[in-house]
Amino acid sequence: MFHELVFYCKELEAFIFRNQIQEFKEGEHDSFFAEEMLKTIQTESLKIPTSEKQKYPNLPWEKMDSMWQKDLARAYDYIDLKMLYYVCAYEIPKFSKTIKLEIR
């Protein structure tokens, strides 16, 4: 259950690192891939039952479950690319590191 979530987080981290991405630009494939990965990560987080999430209260479950609506989607078909980069480069690595430590 958690393994898929961690897998997608690690894939996104590797993508950012491997391609040495410092920012996202409008219309580039990098930002599209990152958007799709974040949607997948959110979907995987939503699949985890609340009862399981309550076992790990130190993890930001609410943020993971609502990041797309609250942090990224600013208007119809508009994604805040600076926030997208911040979430991909800083929030997701922090979350995946924390979840790996917590579920051991």
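Conventions adopted
Residues numbered from 1 in each chain as written. Predicted model: local features only at pLDDT ≥ 70, side-chain atom pairs only at ≥ 80, totals over all residues. Heavy atoms only, no water. Core = buried A, V, L, I, M, F, W, Y, C linked by side-chain atoms within 4.5 Å. Buried < 20%, exposed > 50% of the residue type's maximum accessible area, 1.4 Å probe, protein only. Helix = DSSP H or I, 4+ residues; strand = E, 2+ residues; numbered from the N terminus. Contact = heavy atoms within 4.5 Å. Axes fitted to C-alpha atoms, helices over the stretch in contact; angles between N-to-C directions. Parallel < 35°, antiparallel > 145°, perpendicular 65-115°, else oblique. Left-handed = near helix turned anticlockwise from the far one by under 90°. Nonpolar A, V, L, I, M, F, W, Y, C, P; charged D, E, K, R; others polar. Expected span 1.5 Å × (residues − 1). pLDDT = per-residue confidence, 0-100.

J.: Account for the nonpolar core, naming residues and giving values.
T.: Leu12, Phe24, Leu38, Ile41, Trp61, Leu84 and Ile92 are the most contacted members of the largest nonpolar core, which has 30 residues in total. Of all the secondary structure elements, the ones that give two or more residues to this core are helix H1 (2–18), helix H2 (29–47), helix H4 (61–72) and helix H5 (81–102). In terms of residues, this core owes the most to one element, H5, which gives eight residues. Apart from residues lying up to four places away in sequence, Trp61 is in contact with Phe2, Leu5, Ser45, Ile48, Lys53, Tyr56, Phe95 and Ile99.

J.: Break down the packing of H1 against H2 for me, with residues and values.
T.: Running from N to C, H1 and H2 cross one another at 165 degrees; their axes reach a closest spacing of 9 Å. The angle between H1 and H2 falls in the class roughly antiparallel. In this structure, H1 crosses over H2, and the sense of that crossing is left-handed. Packed against H1, whose contacting residues are Glu4, Leu5, Tyr8, Cys9, Glu11, Leu12 and Phe15, the element H2 presents Asp30, Phe33, Ala34, Met37, Leu38, Thr40, Ile41, Glu44 and Ser45 at the interface. Here the residues of the contact of H1 with H2 are counted per class, giving 10 nonpolar, two polar and four charged.

J.: Tell me about H1, residues and numbers included.
T.: In this model, H1 (17 residues) spans 24 Å end to end at C-alpha, consistent with the 24 Å of a helix rising 1.5 Å per residue. Burial in H1 covers these residues: Phe2, Leu5, Val6, Cys9, Leu12, Glu13, Phe15 and Ile16.

J.: Lay out the confidence of the model for the protein in plain terms, naming residues and giving numbers.
T.: When pLDDT is averaged along the protein, the result is 87, and 94% of the positions lie at 70 or above. Ranking the elements of the protein by mean pLDDT puts strand S1 (residues 73–75) last with 59 and helix H3 (residues 50–53) first with 94.

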